[in-house]
Amino acid sequence: MEARVKSEIWVSMAIRLSNAAGRPAMQLRRGDPDSGGFLCVLLGRGGVVVLSQARDADGRPAWMRGTGPAPVEQAVADAYVERQVKRDPDLWVVEFEAPDYLPPFEGRIL
């Protein structure tokens, strides 16, 4: 059985790891402290990428590029986040400076 970390603790960890790596991060929206899902907003020079939680074919945790394979404008990313939050009000939204469009934590991107 897979151990699950409370959402609030995961967000705190991700922000600390990112800040320690010199990649400023901040929480944009607080979700359910125990079991809320995550959206990760990655800010780069050429636009924004939003990652959403997913599972791979084997059921392992992974990330999906919710805004598509290429970076998008901030307004497009904001609209995506807004739609997802309307569907799931328990979502956390965390923003990371990511010039390489990679999250500051381990995770498979589908």
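Refer to the preceding data block for the structure.
So, here is what we can say about the structure in this document. Worth saying up front: this structure is predicted, and the values here are computed from it rather than measured. (Residues numbered from 1 in each chain as written. Predicted model: local features only at pLDDT ≥ 70, side-chain atom pairs only at ≥ 80, totals over all residues. Heavy atoms only, no water.)

Things to note about the overall build of the protein chain
Broken down by element type, the protein chain carries 2 helices and 5 strands. In terms of overall dimensions, the protein chain is globule-like: its C-alpha atoms have a radius of gyration of 13 Å, near the 13 Å expected for 110 residues. Each principal axis of the C-alpha distribution contributes one length, and for the protein chain these read about 40 × 30 × 30 Å. Burial statistics for the protein chain: of 110 residues in total, 40% are counted as buried. For the protein chain, restricting intrachain contacts to residue pairs at least 6 apart in sequence, the fraction spanning at least 24 positions comes to 68%. Surface exposure of the protein chain reaches about 6600 Å², of which carbon and sulfur atoms provide 53%. The positive charge centre, built from 14 side chains, and the negative charge centre, built from 15, are 1 Å apart in the protein chain. (Helix = DSSP H or I, 4+ residues; strand = E, 2+ residues; numbered from the N terminus. Rg over C-alpha atoms; globule rule 2.2 N^0.38 Å. Buried < 20%, exposed > 50% of the residue type's maximum accessible area, 1.4 Å probe, protein only. Contact = heavy atoms within 4.5 Å. Areas by Shrake-Rupley, 256 points an atom, 1.4 Å probe, with all protein chains shown as cover. Lys, Arg positive; Asp, Glu negative; His and termini not counted. Charge placed at Lys NZ, Arg CZ, Asp CG, Glu CD.)

Quick word on the pairing of strand 2 (residues 38-44)
Successive residues of a regular strand alternate their side chains across the two faces of the sheet. Along strand 2, 5 of the 7 residues are buried, which leaves the element largely enclosed by surrounding structure. One ladder, built from 6 bridges, connects strand 2 with strand 5 (residues 92-97); its direction is parallel. When the sheet's bridge partners are listed, phenylalanine 38 is paired in strand 5 with tryptophan 92. With 6 bridges joining them, strand 2 and strand 3 (residues 47-55) adopt antiparallel strand pairing. Bridge pairing in strand 3 places leucine 43 opposite valine 48. Between the antiparallel neighbours strand 2 and strand 3 lie 2 residues. (Pairing = 2+ DSSP bridges.)

Side note on helix 2 (residues 74-87)
Between its first and last C-alpha atoms helix 2 spans 20 Å; for 14 residues at 1.5 Å apiece the expected length is 20 Å, and the two agree. For helix 2, the set of buried residues is Ala77, Tyr80, Val81, Gln84 and Val85. Across the axial projection of helix 2, the buried residues extend over an arc of 130°, all falling on one side. Of the residues in helix 2, the exposed ones pointing more than 90 degrees away from the buried face are Ala75 and Lys86. Contacts made by the buried residues of helix 2 are with strand 1 (25-29), strand 2, strand 3 and strand 5. (Expected span 1.5 Å × (residues − 1). Arc of directions from axis to C-beta.)

Some words on the side chain of serine 7
Position of serine 7 among the secondary structure elements: in helix 1 (residues 7-20). For serine 7, a relative accessible area of 0% puts it in the buried group. For serine 7, the residues in contact, after removing those within four places along its chain, are Asp32, Pro33, Asp34, Ser35, Gly36, Phe38 and Trp92.

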